[in-house]
Amino acid sequence: MRWPAGVVLGVIPAVYFVFVAAELGLMTHLALQATAQGRSALQVGLLATALWGGILVASSLAHAAVQRLGHARVFVGATAVASAVTLAMALHTGLAGWLAGAFVLGLCGGWVWVSGEAWLAEAAPPAQRGLLVGLFETAVGLGLMAGPALVPLTRLLGLPTALACAGLMALALAVSAVLLRVEPPAPAPEPAAPADAGAAATPPTAPPVPAPRAFVQGLLAVALLSGLMEGGVSALMPSIAMRLGETLDSAAWLGAVIGAGSALLQPPAGHLADRFGVRRITLGAWAVVLLANAVLLLAAAGSAAVVPVMWAVGFTLGGVGGAVYTLLIVELGHRLAGAALVRAIGGLVTAYAAGTAAGPTLGGWLFDAGGLPILAGALLLLSAAGLALTPRALRAGTP
């Protein structure tokens, strides 16, 4: 039985939600366990860096893998390996084994991410691409919310958290098998082929991409800054909350709040981009991120209520900060197709993953060296750089 091509618009977000929930649930559990064992913020950051290092490597190779095997085989095969690795990590107890497993899990996550997102961006109708990509990122945000929430929920139910995450990853694998019965998208020419000699010349139906290399490179720079900023926040905030006196369960719920921001704010960002243009909404997102980091710095420098502020800032950065990446994907979907789109999204994920891989380790080092004020100050500088760079990077963007 063959499924219609449009089924990918529902199956890919559904699978990726379960995949991210299992992945983030396991990584949150391990990070908080390492914190409870007395590991430094730098060592906890290394766990997240190992995961994102794997994503970085995989995303740089994803274009070749999809070209050779197709979207569906890459997506389902990587989910199968991730299922096995998650179970292995659940049964292991040492930090070295967790680091190795996190790297392999990141490899799988990177291939699932690039192949699924490129497939969905190309399958989406152009007039609804912003909304549909935003809904995909909502599925990611729901996974980011559900994953950390699994920690207190499984503890409440008396279930082993790590094994519950392994079971969820197996569920993601089972659902992903549907994609093997969907026809892959027809490849689009990478540059436009010249017209046949006997055919009448016709004007292009869409404007060509102006200076494509400079255009894509600008987006990569913005993605790098976004990943560097977000990686220092989402991976470390629960651990930092524990160091500031919160319980393990409360710290895990903070991770869920960060994911909730991503889940709730991605579709509005995509819809606004469809209506007002990617450039304007991306600039607005960076401005909100800058303001949130300024509030965090002020609270860290002198407020006794810093943890409640971290919850509000975490929600904002999880949603509005994540919207920056979503909007870059929408812009690529408007400008490119086929193999060129896969390669560009692979590059974007690579840049974002490079920032996110460095963010937790750098953020942990800054926190160990100077506490939350130093970390918040660094985040403020990064968001200011993102706001300054975006207008030039998107100068060819949708008006």
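Here the structure is a predicted model, which is why all the values come from computation and not from measurement. (Residues numbered from 1 in each chain as written. Predicted model: local features only at pLDDT ≥ 70, side-chain atom pairs only at ≥ 80, totals over all residues. Heavy atoms only, no water.)

Colleague: Mind showing me how you'd approach the overall build of the chain here?
Modeller: The helix and strand inventory of the chain stands at twelve helices and zero strands. Burial statistics for the chain: of 399 residues in total, 55% are counted as buried. Considering only residue pairs separated by 6 or more positions, the chain has 88% of its internal contacts joining residues 24 or more positions apart. Surface summary for the chain: the accessible area is close to 15,800 Å², and the carbon and sulfur share equals 70%. (Helix = DSSP H or I, 4+ residues; strand = E, 2+ residues; numbered from the N terminus. Buried < 20%, exposed > 50% of the residue type's maximum accessible area, 1.4 Å probe, protein only. Contact = heavy atoms within 4.5 Å. Areas by Shrake-Rupley, 256 points an atom, 1.4 Å probe, with all protein chains shown as cover.)

Colleague: Teacher, can you tell me more about the packing of aromatic side chains here?
Modeller: Where two aromatic rings form a pair, the distance of their centres and the angle of their planes describe that pair. All told, the structure shown has six aromatic pairs when counted by the stated rule. Judged by centre distance (6.1 Å) and plane angle (20°), the ring pair of Tyr16 and Phe19 falls under stacked. Placement of the pair is Tyr16 and Phe19 together in helix H1 (residues 8-36), with a separation of three residues, close to one helical turn. No difference in accessibility class separates Tyr16 from Phe19, as the two residues are buried. Between Trp52 and Trp113, the ring centres sit 5.8 Å apart and the planes meet at 80°, which makes this aromatic pair edge-to-face. (Phe/Tyr/Trp six-rings, centres within 6.5 Å; stacked < 30°, edge-to-face > 60°.)

Colleague: Sorry if this is basic, but what is going on with helix H2 (residues 41-69) here?
Modeller: Since there are 3.6 residues in each turn of an α-helix, residues three or four apart along the chain are aligned in direction. Its 29 residues place the ends of H2 40 Å apart at the C-alpha level, agreeing with the 42 Å of an ideal helix rising 1.5 Å per residue. Remark: the principal bend of H2, roughly 45°, maps to Leu61. (Expected span 1.5 Å × (residues − 1). Bend = angle between axes of the 7 residues up to and from the residue.)

Colleague: How do you make sense of the packing of H1 against H2 when you look at a structure like this?
Modeller: Each pair of packed helices can be summarised by the angle the axes make with each other and by the distance between the axes. The contact between H1 and H2 brings their axes to 9 Å, and the two run at 155°. One element, H1, and the other, H2, form an angle in the roughly antiparallel class. The chirality of how H1 crosses H2 is right-handed. When H1 is examined against H2, the residues Glu23, Met27, Leu30, Ala31, Ala34 and Thr35 are found in contact with a partner set consisting of Val44, Leu47 and Leu51. Considering only residue class, the contact of H1 with H2 consists of seven nonpolar, one polar and one charged. (Axes fitted to C-alpha atoms, helices over the stretch in contact; angles between N-to-C directions. Parallel < 35°, antiparallel > 145°, perpendicular 65-115°, else oblique. Left-handed = near helix turned anticlockwise from the far one by under 90°. Nonpolar A, V, L, I, M, F, W, Y, C, P; charged D, E, K, R; others polar.)

Colleague: What exactly am I supposed to notice about the environment of Ala96 here?
Modeller: Within the secondary structure layout, Ala96 lies in helix H4 (residues 95-123). Taking relative accessible area as the criterion, Ala96 reaches 63% and is therefore assigned exposed. Ala96 sits 49 residues away from Leu47 along the chain, and the two C-alpha atoms are 9.5 Å apart.

Colleague: Explain the side chain of Glu23 here, please?
Modeller: Looking at the secondary structure, you find Glu23 in helix H1. Buried Glu23, no salt bridge; nearest opposite-charge side chain is Arg243, N-O distance 21 Å. Setting aside chain neighbours within four positions, we find Glu23 in contact with Leu51, Leu105, Gly109 and Met169. (Lys, Arg positive; Asp, Glu negative; His and termini not counted. Salt bridge = Lys/Arg side-chain N within 4 Å of Asp/Glu carboxyl O.)

Colleague: Whenever I open this one, the environment of Ala65 confuses me. Can you help?
Modeller: By the element assignment, Ala65 lies in helix H2. By relative accessible area, which is 19% here, Ala65 ends up buried. As a C-alpha pair, Ala65 and Ser115 span 50 residues in sequence and 8.9 Å in three-dimensional space.

Colleague: What should I look at first to understand the nonpolar core in this one?
Modeller: One recurring pattern in soluble globular proteins: nonpolar side chains tend to sit buried together. With 116 residues, the main nonpolar core has Leu179, Met310, Leu332 and Ile345 as its most contacted residues. In terms of residue count, helix H12 (residues 338-393) provides more of this core than any other element does, 17 residues in total. Met310 has contacts with Met237, Ile240, Ala241, Leu244, Leu254, Leu296 and Leu372, leaving out every residue within four places of it along the chain. (Core = buried A, V, L, I, M, F, W, Y, C linked by side-chain atoms within 4.5 Å.)

Colleague: How should a nonpolar patch on the surface be read in this particular structure?
Modeller: Together, Val57, Leu61, Val81, Phe103 and Val104 make up a nonpolar patch on the protein surface, roughly 350 Å² of accessible area in all. Elements that contribute at least two residues to the nonpolar patch include exactly H2 and H4. Considering the arrangement of structural elements, one finds Val57 in helix H2. Taking relative accessible area as the criterion, Val57 reaches 33% and is therefore assigned partly exposed. (Patch = residues over 30% accessible without salt bridge, like charges linked within 9 Å, V, L, I, M, F, W, Y side chains within 5 Å.)

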